Amino acid sequence: MSGEIHEECGVFGVYSRNAADVAGMVYLGLYALQHRGQESCGIVVSDNGSFKSHKDLGLISDVFSPGRLDALGSGNIAVGHVRYGTTGASSRANCQPVEVYHMKESLALAHNGNLTNSEALREKLELDGAIFHSTSDTETIAYVITGERLKHSSAPEAINSAMDIIKGAYSLAVMTKDELIAVRDPNGFRPLCYGITKDGCYCVASESCALQAVGATFIRDICPGEIVAFSKKGVTSITDHCGACKKTMCVFEYIYFARPDSVIDGVSVHNARISSGMALAKEHPVEADVVIGVPDSGIDAALGYSMQSKIPYGIGFVKNKYIGRTFILPGQPDRESKVRIKLNPIESTVKGKRVVMVDDSIVRGTTSAIIVRLLREAGAVEVHMRVSAPPFTHPCYYGTDIDSCENLIACHRSVDEIAKIIGVDSLGYLSLNDVDFSGKGDGFCTACFGGGYPTDVPDNQSKFCFENQASGAND
C-alpha cells in the first residue's frame, strides 16, 4: 500500500483431451490471480483450432458476465490473463491474451514479465514489415515466435529458438490449435507452475493458489528456461535453456506480489513474509505496545515481527475491500482522500499505544506519510515503521512498475531523512543480507535494492515508450 508498487500480471491456461468448460476453469483461475492485475483481463478458447475470445478493461467479475462467459463455448484448450501493464498504456488494444492468426500456426499468448530488448526488437520487426496493433511488448514476443515458426516444425521448437532472441523477464502461457505451452525465462524472474485436475485437465498458472481454485493438484514449478507442452502426446519438456544463467527470481514475488497462500519454487510465501518480519525484529528492535501490519502484504511480516519481539500483534487497519486499485474519487484526485477511503485505523488497537507499523516497502513516501498521520489521529503516541524490504534505490526493468530513480525517495534521502518526511519516530528496513527467503541460498533478483542487474538492461526504456513513438509518427 505505502510502496505504491503495482502488481505483476497473471496467466492461466487449461488443456483437456476432450471438450470441456475450459473457459469456466480459466475464469476461476484468473479470479484467484486478480491481485496480480486489475487493469484488464481476457480469455481465449480453442475448439479444435477455432478461437473465440473476449478481452476488456476491468476486473474479471465486471468483464465476464455469465452470458459473456457462456458465449465462449466449450473447447479443449484455453488461456487467460489479468494485466497490470509495465510496457504500454492501459487500453483495450493492450488487453491480453494476444492473438496471432497465421498460415503456419495461429496462437494466443499470455505474458507475465517485461522484455529488456523490446524496443530494439520492435524496430527490427517494423523495418521487416510487421504491423503492430498494440503498444505492449507481448505482441513483440508473439511476432518473434511466429517468425521462428516459419523455420521450425513445431511451436515448442519455435519458442525454444525465440528464447535466444527475446531477453528479460517472461512467463508465458501459449495456446495453439492443439497444444498448451508453458514457458519460463532462463533467469526464472516470474513464477509459473502446473497441476492436474481429477478429470485429467492440465492447468498452468502464475501461482499455485490458482490451481487450488479449480481443484487441480499441484505437480511442480516450471523450471527457469524450461518449455513444457501439453498435448495428446502427453507432457513434453524442452530444457535447452535450463541452467544457462543463474536463477534470479524477483524478490518482490515473496515480499509483495504473490498471495500468501501460494508456494513458489518450493517456498511458502506466507512463511517467507513471517521470516522477514522476524529478521526485522532482530535488526531493528524497539520498545512498543503493539505491532500492526498495513494490509495486505504487511500483515504476515507484522506477525513475524510480533513473534520474534514478543510484542503483541493487533489488527491496526480495516481495508475497504470494495475499492479497486483503479479507484478515482470523483472530482477529487487528492491522494489522502483516496487512502482514507481505502484504510481506516482501529482506534482501540492504537490509542495511547507505542505502535510498530510493518509494511512491505516505501517508494515515494507520500502514502506512508498519510498512513502514519491516520495512526496519529487515532491516538497512537509513537509510530515506529518497519519495512520488510531493503530501500528501493534503482529502477526495475523486469516487470515491477518502478522505471525511474526520480520516484524513489531512498535514492535522494537517508533513512533518518525519510523517517522525518513520513513522520515516524523511527524507521528500519530489512537488510539485503536477510533477503534469502528460500533458506537455501537460491538466487534472487535484488537489483532494485542496489543495482547489479542480472541481465543487460536498456539505457532508457519507459513504460510508454511505444506510445511515445506512435505519437511522434503522427506529428
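What you see is a predicted model; the values in this text were computed from it and never measured.

A. The overall build of the protein chain, seen in detail. Looking only at helices and strands, the protein chain has 15 helices and 23 strands in total. Within the protein chain, buried positions represent 59% of all 475 residues. For the protein chain, the exposed surface amounts to about 18,700 Å²; the carbon and sulfur share of it is 50%.

B. Quick look at the layout of surface pockets. The space that makes up the second largest pocket amounts to roughly 370 Å³. Around the second largest pocket, the lining is made up of 21 residues, and of these Asp 178, Glu 179, Ser 231, Lys 232 and Lys 233 lie nearest the centre. Mapped onto the lining of the second largest pocket, the elements with two or more residues apiece are strand E1 (10-20), helix H6 (155-162), strand E12 (227-231) and strand E13 (234-238). When grouped by side-chain class, the residues that make up the lining of the second largest pocket number 5 nonpolar, 7 polar and 9 charged.

C. Geometry of H6. Burial of H6 is extensive: 7 of the 8 residues sit out of reach of the surface. Taken residue by residue, H6 has Ala 155, Pro 156, Ala 158, Ile 159, Asn 160, Ser 161 and Ala 162 as its buried positions. Buried positions along H6 lie against helix H5 (137-149), strand E7 (168-175), strand E8 (180-184), E12 and E13. The opening residue of H6 is Ser 154, an N-cap whose side-chain oxygen sits 3.3 Å from the backbone nitrogen of Glu 157.

D. Representation of the sheet that holds strand E17 (residues 290-293) within the structure. As summarised here, the arrangement of the 4 strands in space is E17-E20-E21-E22, forming an open sheet in which the pairing is parallel. Looking at which strands have only one partner, the edges of the open sheet turn out to be E17 and strand E22 (426-429). With direction set aside, neighbouring strand axes in the sheet form an average angle of 20°. Pairing between E17 and strand E20 (residues 354-359): 4 bridges, direction parallel. Bridge pairing links Val 290 to Val 355 in E20.

E. Main features of the pairing of E1. Of the strand pairs in this sheet, E1 and strand E4 (residues 75-83) are connected by 7 bridges, and their pairing is antiparallel. Within the sheet, the bridge partner assigned to Gly 13 lies in E4 and is Val 79. Here E1 pairs with strand E10 (residues 202-205) via 4 bridges, running antiparallel. Looking across to E10, one finds that Val 14 is bridged to Cys 203.

F. A look at the sheet that holds E7. If you trace the 6 strands from one edge of the open sheet to the other, you get E5-E6-E7-E8-E12-E13, paired in antiparallel fashion. The outermost strands of the open sheet, each flanked by one partner alone, are strand E5 (98-100) and E13. Sheet twist, expressed as the mean angle between neighbouring strand axes with direction ignored, is 20°. Two strands pair when backbone bridges link them, and E8 and E12 are joined in this way by 4 bridges, in the antiparallel orientation. Residue pairing for E12: Ile 181 is matched across the bridge by Ala 229.

G. Region of the structure containing the confidence of the model for the protein chain. Put simply, the protein chain has an average pLDDT of 89, and 89% of its residues get 70 or more. Every residue in residues 325-332 scores below 50 in pLDDT, and together they form 13 contacts with partners more than four places removed in sequence or on other chains.

H. A look at the environment of Asp 459. Within the fold, Asp 459 resides in the loop between strand E23 (444-445) and helix H15 (465-474). For Asp 459, a relative accessible area of 81% corresponds to the exposed category. Separated by 343 residues in the primary sequence, Asp 459 and Thr 116 have C-alpha atoms spaced 9.9 Å apart.

I. Quick peek at the pairing of E13. Note: E12 against E13, 5 bridges, orientation antiparallel. Opposite Ile 227, over in E13, you have Ile 238 as the bridge partner.

J. Representation of the side chain of Asn 114. Assignment of secondary structure puts Asn 114 in strand E6 (residues 107-115). Polar contacts involving the side chain of Asn 114 include one to the main-chain carbonyl oxygen of Tyr 397, which spans 3.2 Å.

Thresholds applied
- Residues numbered from 1 in each chain as written.
- Predicted model: local features only at pLDDT ≥ 70, side-chain atom pairs only at ≥ 80, totals over all residues.
- Heavy atoms only, no water.
- Helix = DSSP H or I, 4+ residues; strand = E, 2+ residues; numbered from the N terminus.
- Buried < 20%, exposed > 50% of the residue type's maximum accessible area, 1.4 Å probe, protein only.
- Areas by Shrake-Rupley, 256 points an atom, 1.4 Å probe, with all protein chains shown as cover.
- 1 Å grid on protein atoms, 1.4 Å probe; cavity = no way out; pocket = protein on both sides within 12 Å on 5 of 7 lines; lining within 4 Å.
- Points joined across faces, edges and corners; volume = space filled by probe spheres on them.
- Nonpolar A, V, L, I, M, F, W, Y, C, P; charged D, E, K, R; others polar.
- Contact = heavy atoms within 4.5 Å.
- Polar contact = N/O pair within 3.5 Å; in protein donor to acceptor, adjacent residues only side chain to side chain.
- Pairing = 2+ DSSP bridges.
- Axes fitted to C-alpha atoms, helices over the stretch in contact; angles between N-to-C directions.
- pLDDT = per-residue confidence, 0-100.

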